[in-house]
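Coordinate analysis (summary)
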Amino acid sequence: MVSGMDQRDEERAEVLLSKWMRRLRIQIPIRTERTSIWQVVGESGRAGCSLVGVVFDEQTGCIYHTRRLKEEDIVHELLHVAHPDWRESEVVNETNRLLSRAPQLNRLSLNPA
Ligand SMILES: [Zn+2]
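First, a word on what this report is: a plain description of the structure on this page. Being a predicted model, the structure only gives us computed values, none of them experimental. (Residues numbered from 1 in each chain as written. Predicted model: local features only at pLDDT ≥ 70, side-chain atom pairs only at ≥ 80, totals over all residues.)

1. A look at the overall build of the protein
The number of helices and strands found in the protein is 3 helices and 3 strands. Across the 113 residues of the protein, 15% fall into the buried class. Nonlocal contacts in the protein, meaning residues at least 24 apart in sequence, comprise 46% of its contacts between residues at least 6 apart. (Helix = DSSP H or I, 4+ residues; strand = E, 2+ residues; numbered from the N terminus. Buried ≥ 20, exposed ≤ 12 C-beta atoms within 10 Å, placed from the backbone. Contact = placed C-beta atoms within 7 Å.)

Structural data, given as structure tokens:
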């Protein structure tokens, strides 16, 4: 059963997802799936970690999330899809730049491959 609140969150995430998929020119379909916090095992092997992550191949992708998706999460995960060769720090910096939360100086720390 989905409560009204969850329904609104889902719709909001869908709107943000399609907006950023257009902006980042992502061609493959990406869906989102809420997953139980207890299905997630962290790097340390503890169950119950909070997680947002994307799994994708050439045909399709899915953003798994244990908590409500923020716009920052969506941009971040879509950047992984758009730029599979980028390192985590590059994705973080570009996410900040796109959301205009960080000074442009952040880009100077990028180390192009
Ligand atoms: Zn990441």
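2. Some thoughts on the pairing of strand 2 (residues 52–56)
Bridging between strand 2 and strand 3 (residues 61–65) involves 5 bridges; their strand directions are antiparallel. Considered in strand 3, the bridge of Val 54 is made with Ile 63. Taking the residues between adjacent antiparallel strands as the criterion, strand 2 and strand 3 are bridged by 4 residues. (Pairing = 2+ DSSP bridges.)

3. Observations concerning the nonpolar core
Listed in full, the 8 residues of the largest apolar core are Ala 13, Leu 17, Trp 20, Leu 69, Ile 74, Val 75, Leu 78 and Leu 79. Within the residue set of this core, elements represented by two or more residues are helix 1 (4–23) and helix 2 (71–82). Looking at this core element by element, the count peaks at 4 residues for helix 2. Ignoring any residue separated from it by four or fewer positions in sequence, one finds Leu 79 in contact with Leu 24, Trp 86, Val 91, Glu 94 and Thr 95. (Core = buried A, V, L, I, M, F, W, Y, C linked by C-beta atoms within 7 Å.)

4. As for the sheet that holds strand 1 (residues 30–34)
A sheet is described by the order of its strands in space; here 3 strands give the open sequence 1-3-2, paired in mixed fashion. Edge strands, defined here as strands with exactly one partner in the open sheet, are strand 1 and strand 2. Taken pair by pair, the neighbouring strands of this sheet meet at an average axis angle of 20°, ignoring direction. Lying over the sheet, helix 2 contacts strand 1, strand 2 and strand 3, oriented at roughly 30° with respect to strand 2. (Axes fitted to C-alpha atoms, helices over the stretch in contact; angles between N-to-C directions.)

5. Concerning helix 2
Helix length check: helix 2 (12 residues) gives 16 Å between terminal C-alpha atoms against 16 Å at 1.5 Å per residue, within 8%. What helix 2 keeps buried is the set Asp 73, Ile 74, Val 75, His 76, Glu 77, Leu 78 and Leu 79. (Expected span 1.5 Å × (residues − 1).)

6. A closer look at the packing of helix 2 against helix 3 (residues 88–98)
Between helix 2 and helix 3, the least distance of the axes is 9 Å, while the angle of their chain directions is 130°. Considering the angle they form, helix 2 stands oblique to helix 3. Seen from above, helix 2 lies across helix 3 with right-handed handedness. In this structure, helix 2 uses Glu 72, Val 75, His 76, Leu 79 and His 80 to contact helix 3, whose residues at the interface are Val 91, Glu 94, Thr 95 and Leu 98. For the contact of helix 2 with helix 3, the per-class residue count stands at 4 nonpolar, 3 polar and 2 charged. (Parallel < 35°, antiparallel > 145°, perpendicular 65-115°, else oblique. Left-handed = near helix turned anticlockwise from the far one by under 90°. Nonpolar A, V, L, I, M, F, W, Y, C, P; charged D, E, K, R; others polar.)

7. As for the pairing of strand 3
Taking every second residue as pointing to the same face, the buried face of strand 3 carries Gly 61, Ile 63 and His 65, while none of Cys 62 and Tyr 64 on the other face is buried. Both strand 1 and strand 3 contribute to a ladder of 5 bridges, which runs parallel. Paired with Thr 32 across the strands is Ile 63, a residue of strand 3.

8. Here's the deal with unusual backbone geometry
Even without glycine at this site, Arg 25 takes up a positive phi of about 55°. Among the secondary structure elements, Arg 25 is positioned in the loop between helix 1 and strand 1.

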